[in-house]
Every structure is written in C-alpha cells, then in structure tokens.
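A look at the structure
In case you want the letters, here they are:
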Amino acid sequence: MRPVLVADSVGKSFGGQRVLSSATLRAVPGQVRVLFGTNGVGKSTLLKIACGAMSADSGVIQFRNRVLQSPRLHKLAAEGLFYLPDHDLFSRAFTVRHQLEMIRCRFDGRDVDEAAQRLGIVDHIDKRPHQLSGGERRRAELAAVVVRRPICLLADEPYRGIPPLDAEVMTSTLVELARSGVAVVITGHEVPTLLDAADHVSWCTSGTTYELGSPYAAQQHHAFRRDYLGMWGKAKAV
Amino acid sequence: MRFPRLMIARPYMLRGFRLWILTRGLLVIILALAETDPFKLGVTVTLALLSLVIVVGFIDTYRHHERAFLSNLGVSSITLATLYVIPAVAGEATLQVLVAVA
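Residues numbered from 1 in each chain as written. Chains lettered and ligands numbered in written order. Predicted model: local features only at pLDDT ≥ 70, side-chain atom pairs only at ≥ 80, totals over all residues.

Let's talk about the overall build of chain A
To keep things clear, this is the line we draw: Helical segments are the DSSP runs of H or I of at least four residues, strand segments are the runs of E of at least two, and each set is numbered from the N terminus. As defined in this context, the radius of gyration uses C-alpha atoms, and a globule is described by 2.2 Å times the residue total to the power 0.38. Exposed residues have 12 or fewer other C-beta atoms within 10 Å of their own C-beta, buried residues have 20 or more, and partly exposed residues fall in between, where C-beta atoms are placed from the backbone. By the criterion used throughout, residues are in contact when their C-beta atoms, derived from the backbone, lie within 7 Å.
Counting secondary structure elements, chain A contains 10 helices and 10 strands. Relative to its length of 238 residues, chain A is compact, with a C-alpha radius of gyration of 17 Å against a globular reference of 18 Å. For chain A, the spread of C-alpha atoms along the three principal axes comes to 45 × 45 × 35 Å. Looking at chain A as a whole, 50% of its 238 residues qualify as buried. The contacts in chain A between residues at least 6 apart in sequence include a share of 67% that link residues at least 24 apart.

Notes on the interface of chain A and chain B
Formally: Each residue gets one label: Ala, Val, Leu, Ile, Met, Phe, Trp, Tyr, Cys and Pro are nonpolar, Asp, Glu, Lys and Arg are charged, and the others, such as Gly, are polar.
Opposite the 22 residues of chain A that make contact, chain B presents 16 residues. Here the side of chain A that touches chain B is built from residues that sort into 14 nonpolar, 4 polar and 4 charged.

A word on the nonpolar core
Put simply, the rule reads: Only buried residues count toward a nonpolar core: Ala, Val, Leu, Ile, Met, Phe, Trp, Tyr and Cys, linked into one set through C-beta atoms within 7 Å.
Counting residues in each nonpolar core, the largest one holds 91 residues, and the members touching the most others are Leu-46, Ala-50, Ala-143, Leu-153, Leu-154 and Val-184 of chain A. Sort the elements by how many residues they give to this core and helix α5 (residues 134–148) of chain A lands first, with 7 residues.

Focus on unusual backbone geometry
Residues and elements named next belong to chain A. Unlike most non-glycine residues, Asn-65 shows phi in positive territory, near 65 degrees. Position of Asn-65 among the secondary structure elements: in the loop between β4 (58–63) and β5 (66–68). The exposure class of Asn-65 is exposed, given the 9 C-beta atoms found within 10 Å.

Considerations on the pairing of strand β2 (residues 17–27) of chain A
Residues and elements named next belong to chain A. Put simply, the test is: Here the rule is simple: two strands pair whenever DSSP picks up at least two bridges between them.
Where strand β1 (residues 5–14) lies against β2, 7 bridges are found, and the strand directions are antiparallel. For Ser-13, the partnering residue across the bridge sits in β2 and is Arg-18. Hairpin connection of β1 to β2: 2 residues between the antiparallel strands, including Gly-15 at a positive phi of 55 degrees.

Thoughts on the confidence of the model for chain B
When pLDDT drops low, the exact placement of atoms in the prediction is not to be read closely. The test is simple: Confidence scores labelled pLDDT are given residue by residue by the predictor and lie between 0 and 100.
Per-residue confidence for chain B gives a mean pLDDT of 92, with 98% of residues at or over 70. Model confidence for the complex is summarised by a pTM of 0.92, with the ipTM given as 0.91.

Brief notes about the packing of helix α1 (residues 6–33) of chain B against helix α2 (residues 43–63) of chain B
All names here are of chain B. Cut-off, in case you're wondering: With axes taken as lines fitted to C-alpha atoms, and helix axes fitted only over the stretch in contact, angles between N-to-C directions fall between 0 and 180 degrees. For classification purposes, angles smaller than 35 degrees are called roughly parallel, those larger than 145 roughly antiparallel, those between 65 and 115 roughly perpendicular, and all remaining angles oblique. Take the far helix as the reference: if the near one is turned anticlockwise from it by less than a right angle, the crossing is left-handed, and if turned clockwise, right-handed.
Contact geometry for α1 and α2: axes closest at 9 Å, N-to-C directions at 125 degrees. In terms of orientation, α1 and α2 fall into the oblique class. Of the two possible hands of crossing, α1 and α2 adopt the one that is right-handed. For the pair α1 and α2, the contacting residues are Arg-15, Gly-16, Leu-19, Trp-20, Thr-23, Arg-24 and Leu-27 in the first and Leu-49, Leu-52, Val-53, Val-56, Gly-57 and Asp-60 in the second.

Considerations on the pairing of strand β7 (residues 152–155) of chain A
Residues and elements named next belong to chain A. Note the threshold: With the strands pointing away from the viewer, any crossover whose connection runs clockwise from the first strand over the helix to the second is right-handed.
With burial as the criterion, each face of β7 is covered, one bearing Cys-152 and Leu-154 and the other bearing Leu-153 and Ala-155. Inspection of the sheet shows strand β6 (residues 81–84) paired to β7 by 4 bridges, in the parallel sense. When the bridges of β7 are listed, Leu-84 appears paired with Ala-155. As judged from the 4 bridges shared by β7 and strand β8 (residues 183–187), these two strands associate in the parallel manner. The residue of β8 that forms the bridge with Cys-152 is Ala-183. The handedness of the β7 to β8 crossover, carried by helix α6 (residues 164–179), is right-handed.

Describing the environment of Ile-29 of chain B
Mapping Ile-29 of chain B onto the fold places it in helix α1. In sequence terms Ile-29 of chain B and Tyr-12 of chain B are 17 residues apart; their C-alpha atoms lie 26 Å from each other.

In structure tokens, the structure reads:
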C-alpha cells in the first residue's frame, strides 16, 4: 500500500551540529511502524519535521500524494494527521472531556464517552490533565486520537513512563487503529512492547534511517542487535 | 484562515476578553498616575494595547502547553491571534462609544 505520509531524505542541524543527514519516515495505512534509535539520535526531530511542527534544512515531505513546500502541523491536522508529542498533548486550562469534545466537534469525531470507555479513563474525564497520572494522561491522549479518527498518527514515545497494564491497552488501541486503516508511526525504547505492536521496524542512527522490515527481520539484523538491542537482542537471538 | 467552530473559539475569546480587561486595567492605572485621560487613547497606543493582548495571549498559550493541541485542531497562530484580539477590539470600541456618549 502507498504511504500516506513520506518524509524523504530529511536533513536537520542544530547550532552547526548535524542531527539528521538523510533520514526517511513513511506512514503506511493499515500498518504500525516503529522507529527505534538511541536518545538524541533525531527520532523526535524526524517526527516533528514529518508533521510540520519543525522545518527541515533539506528533504521532501509528501502528504496524501502531494509534495508540501512548507508543511505546517495545523494544515496537515486539518487534512487528517494527528501528532502526539512526547510531552503533554492537552491544555492544562480545560478538562479532558472539554478537550475531547473540542476534537469531536471540530472533526465530527467519535463519541467522547465511548472513547473514554475504550481507554479506561471514564473516572478521570472530568479532571484537568495535570490531575491525572502519567499513564492516565497518556491513555486520555490516545482517547483524543480515537475521537479524532485520523488517517495518519505520529506518536512520539507514547509508552514512556507508563505501567505494563496501561501499555497493553495502548498497544491494543494502536493496533486496532491501524487495522481500521490508520497509518501509525511510533517511536520509543520499550522494545518488547513496541515489537509486539509493530508491523514494520525502522532504525534511526548516525543521522539516517534503515528500513529493517518486520519485527522478526529487525531482530535478525546484526548491527541493530549489536548497537541498539544489546543484551535484549542477544537473549532473543539465543 | 478558517475560523474555528464556536466550541473551540469561545474559550479562547473569553481568555482574550480577560486579558484585555487585565491589560486595559493596568493601562488605566498607569495613565491615571501620569495624569492623562485613560479613556481617550491615540491610535498608536490602542494598537500597542491590542498587540500586548496578543503577546500575553500567546504567553498564556505556552504556559498551558496548548500549541500542539491547537495545531492538532487545525488552529494556526494567526487564527489564535485573531481569537484573542476580537474581544479586545470589541471592548475597546464599546469603551470609546461609552466615553463619547458620556
């Protein structure tokens, strides 16, 4: 299937330091694609560039078969993209319900209570985001995705700091979204959880990205095992 | 620019109104202390006041960590600035009419 979003040959420097030289990100409908990479290697930067939250020094962004000269998140969001940042998505000024209703109202989205039920945040929906624990907040953010019904989701480290039980709910929701046709791209370091969810694995290293293929193929990739998976990869290989 | 639906626009316009009250109140105090009529403002001062409402509005937006949320709603910075400034313009216009009538 054709990718709905492509960030091709992306280059980006910060203060003279090259973070990305030729990195590529593809979001394919029906797939959960996971982008692995060590801290500071440019995963979040690549995601931000792909969704228009940050400008690239070089490279091409295509969304829905259109090459975008200067992509902007608010424009892409209006056309079906949803970006889940690594920090809090929600405003601290309004309740979770209010913000979910805003999304539903703007995009004629799914029922808010249904999404809250799905993600197990019914008891917290009338609280403000800062009154929620990290895991509850992350689930509430995923409820926003469910309400929005995007065609493409870019989620930056959605599993960070959440307990295994919440991770299970999140994985099943992300996989369900992908099976319904959403193109899902996730970054993170939670290797077993992410490999369980993934249809495709990419590896971001030394300013570029490598398409490793299926989770099984990724685990067989020698350099990926040696330089990223470490002991976990060795254990799995044995 | 696409104007957002009322459910999204309303809380930000309300915030713009509160910020206008706050900045206008401060300006009234400052001008009163300077023994200048605080209700008869020149064009430059009015434009500066409206700009200040937008700037404080954006600071408030960052304080509440709202940029990603608003972008995901399809709200651009220009739209947000418009939402903040509309109540300020309306308030300022109303004030000028009231001063003229009085």
